[in-house]
Amino acid sequence: MKYHSCIFLNLILLFAGGTSPEVKAQLRIVNAFPELNFDAPVDIQTANDGTNRMFVVEQRGVISVFQNDSNVTAKATFLDISDKVLYGGEQGLLGLAFHPQYKQNGYFFVNYTASNPRRTVIARYKVSENNPDKADPQSELIFLEVEQPYSNHNGGQISFGPDGFLYNSFGDGGSGGDPGGNGQNLNTLLGSIIRIDVNTPTNTKQYSIPQDNPFVNTQNAKPEIYAYGLRNVWRFSFDKVTGKLWAADVGQNLWEEIDIIEKGKNYGWNIMEGFHCYNSQQCNQEGLEPPVWEYGHNSAGGYSITGGFVYRGINAEEIYGKYIFADFVSGKIWALTQSGNGISNELIFETNYSISTFGIDESNDLYFADYNSGKIFKIIGEKTTSVGKLEIPDFELKQNYPNPFNPTTTIKYSIATSSPFAKGRTEQGFVTLKIYDVLGREITTLVNKNQPPGKYEVIFDAGNLPSGTYFYRLSALNFISGKKMVLLK
Ligand SMILES: [Ca+2]
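All of these numbers come straight from a predicted model, not from anything done at the bench.

Peer 1: Before we go on, may I ask you to explain the overall build of the protein in this structure?
Peer 2: Of the regular secondary structure elements, the protein holds 3 helices and 33 strands. Burial statistics for the protein: of 489 residues in total, 45% are counted as buried. Considering only contacts within the protein whose residues lie at least 6 apart along the sequence, 56% involve residues at least 24 apart.

Peer 1: Could you clarify how one ought to interpret unusual backbone geometry in this entry?
Peer 2: Excluding glycine, residues mostly carry a negative phi; peptide bonds, for their part, are mostly trans. Asn 403 connects to Pro 404 through a cis peptide bond whose omega is 0 degrees. Cis geometry is found at the peptide bond from Asn 406 to Pro 407, where omega equals -15 degrees. Note that Pro 407 resides in the loop between strand S27 (396–397) and strand S28 (408–415). A positive phi is found at Asn 220, a non-glycine position, where the angle reads about 55 degrees. With respect to the helices and strands, the residue Asn 220 is situated in the loop between strand S12 (192–196) and strand S13 (225–228).

Peer 1: Which parts of the structure should I look at to understand the nonpolar core?
Peer 2: Nonpolar side chains in soluble globular proteins generally cluster together in the buried interior. Counting residues in each nonpolar core, the largest one holds 105 residues, and the members touching the most others are Leu 166, Ile 193, Ile 324 and Tyr 367. Excluding anything up to four places from it in sequence, Ile 324 contacts Gly 308, Phe 309, Tyr 311, Ile 319, Ile 333, Ala 335, Phe 358 and Leu 366.

Peer 1: It is not clear to me how the sheet that holds strand S4 (residues 62–67) should be interpreted in this structure. Could you clarify?
Peer 2: Two orientations exist for strands paired in a sheet by backbone hydrogen bonds: parallel and antiparallel. Ordered by their spatial adjacency, 4 strands build an open sheet running S2-S3-S4-S5, and the pairing between neighbours is antiparallel. Either end of the sheet is taken by a strand with one partner, and the two such strands are strand S2 (41–45) and strand S5 (76–80). Across the sheet, the mean angle from the axis of one strand to that of its neighbour is 25 degrees, orientation sign disregarded. Bridge count for S2 against strand S3 (residues 53–58) is 4 bridges, and the pairing is antiparallel. Bridged to Asp 43 within S3 is Val 57.

Peer 1: Can you walk me through the environment of Phe 238 in this structure?
Peer 2: Among the structural elements, Phe 238 can be located in strand S14 (residues 233–238). Taking the C-alpha atoms as reference, Phe 238 lies 7.4 Å from Phe 309; in sequence the two are 71 residues apart. Beyond its immediate sequence surroundings of up to four residues, Phe 238 is in contact with Ser 159, Gly 161, Pro 162, Gly 243, Lys 244 and Leu 245.

Peer 1: I tried to follow the sheet that holds strand S9 (residues 135–147) on my own but got confused; where do I start?
Peer 2: Taken in spatial order, the 4 strands of this open sheet run S6-S7-S8-S9, and their pairing is antiparallel. The open sheet has two edge strands with one neighbour each: strand S6 (93–98) and S9. The mean angle between the axes of side-by-side strands here comes to 25 degrees, regardless of whether they run parallel or antiparallel. Here S6 pairs with strand S7 (residues 107–114) via 5 bridges, running antiparallel. Looking at S7, one finds that Leu 93 is bridged to Tyr 112.

Peer 1: Quick question: what am I supposed to make of the confidence of the model for the protein here?
Peer 2: Low-confidence regions, as indicated by low pLDDT, have predicted coordinates that should not be scrutinised in detail. Put simply, the protein has an average pLDDT of 89, and 90% of its residues get 70 or more. Below pLDDT 50 for its whole length, residues 418–427 participates in 22 contacts with residues either more than four positions away or in separate chains.

Peer 1: What exactly am I supposed to notice about the environment of Ser 70 here?
Peer 2: Mapping Ser 70 onto the fold places it in the loop between S4 and S5. Distance in space between the C-alpha atoms of Ser 70 and Ala 32 is 5.5 Å, their sequence separation being 38 residues. Discounting residues that sit within four places of it in the chain, Ser 70 has contacts with Ala 32 and Phe 33.

Peer 1: What is the right way to look at the pairing of S3 in this model?
Peer 2: Consecutive residues of a regular strand have side chains that alternate between opposite faces of the sheet. Across the 6 residues that make up S3, a large majority, 6, are buried. Side chains Arg 53, Phe 55 and Val 57 of S3 all project onto a buried face; the interleaved residues Met 54, Val 56 and Glu 58 project onto the opposite face, where all are buried too. By the bridge criterion, 6 bridges tie S3 to S4 in an arrangement that is antiparallel. Within the sheet, the bridge partner assigned to Glu 58 lies in S4 and is Val 62.

Peer 1: Sorry, what's going on with the environment of Asn 187 here?
Peer 2: Along the chain, the position of Asn 187 falls in the loop between strand S11 (166–169) and S12. Residue class for Asn 187 comes out partly exposed when judged on the 13 C-beta atoms lying within 10 Å of it. Separated by 31 residues in sequence, Asn 187 and Thr 218 have C-alpha atoms that sit 9.9 Å apart. Not counting the four nearest positions on each side in its chain, Asn 187 is found in contact with Asn 220, Ala 221 and Lys 222.

What counts and what doesn't
Residues numbered from 1 in each chain as written. Predicted model: local features only at pLDDT ≥ 70, side-chain atom pairs only at ≥ 80, totals over all residues. Helix = DSSP H or I, 4+ residues; strand = E, 2+ residues; numbered from the N terminus. Buried ≥ 20, exposed ≤ 12 C-beta atoms within 10 Å, placed from the backbone. Contact = placed C-beta atoms within 7 Å. Core = buried A, V, L, I, M, F, W, Y, C linked by C-beta atoms within 7 Å. Pairing = 2+ DSSP bridges. Axes fitted to C-alpha atoms, helices over the stretch in contact; angles between N-to-C directions. pLDDT = per-residue confidence, 0-100.

Okay, structure coming up:
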């Protein structure tokens, strides 16, 4: 794809600079936990286990835990692996991801830098048997190690996707300009986002490769790679409604970029930096995926992007559905809106904070960390999102139509779109829809399979049944609902 002549880019230019003072006025930043301080916070997580606790990662190798309450006065040390962690500059304990079934299995994963040799470690730990606020430091099981040639560009985001697989970002290995050519090399995990199945070990590894990973059948390619051509994705996140993977790739000399990561795509580094040729001598752009947004190294932009989240919380309707991100150096916070092929960006805050990471709580409300002061802040608006505005269909079974009917009728139902991330659920849910007669005898099964969240309709044909009252019953996870219908022949 050519970068400078597409309609897409024209749309960006059309909307660029669209700062909305209205939005700025409505949104506020509040000190989320005034009594708590953290030492170089780099990640904010929840266990999604319904306990409403927050976990903050300190770069030196400590994870703190505390109740998600603005009046909280104390935190506990959940895990301290500072003796294992190589800390300094861009190195340290960089990422934390709780297993989707954490409530059942107590597993969580960390990404940290270690020495001798300098490497990134992805390891699993387990919570202790008798204290939910304490992990077992002896429980470490190393899943993956990747040598790091330089101290910088270690990536460090680790997250479970809506598919239940573990994703991790690796930087290009460091130095400047990717001297090792790792971004474009499929034979190294450096410069990529990987995807692995941590629930299915093999004879030789603690994980297996998802069957549809894009390079499983490519010669001289690492099968873990999900997407590549990335310089240093420090933070990425999944949109909890659409499942899209939003990544912020830190730039080299001139441009910071935001990418929507799709399986198998090449995001250009080090041929491109943002929309621009980085190596102008040989700038073959064939097959490269452009970013969805970029900003320059200048006072209106910044110098080091910190990726955030598509806002799906309940306390700031003003930014619902927008991708919120920041710059670590300039302290600016923006809200990017994507609709169809159009994209627009609004500056929503100018701060003095060194925003190292964003995080969300169990209600999807949005927080960020100030690396320098060690404080955690929350973004809230004047308007609370109403349930209707959330665009998250709940589980629902509708009345069939027509009713009475002869001989066919349509039954509509919906499976909650929040369900890929709903507590304890990571995969498609098993759905059954059955028809019963008035005596409770099962007549037929209309649906009996795994279904992803969404809206569905099924046609029921009662051509060979006698007139009378029938019942239909939907069962999906904990949702069970039944309705009555009348066949009139
Ligand atoms: Ca790129």
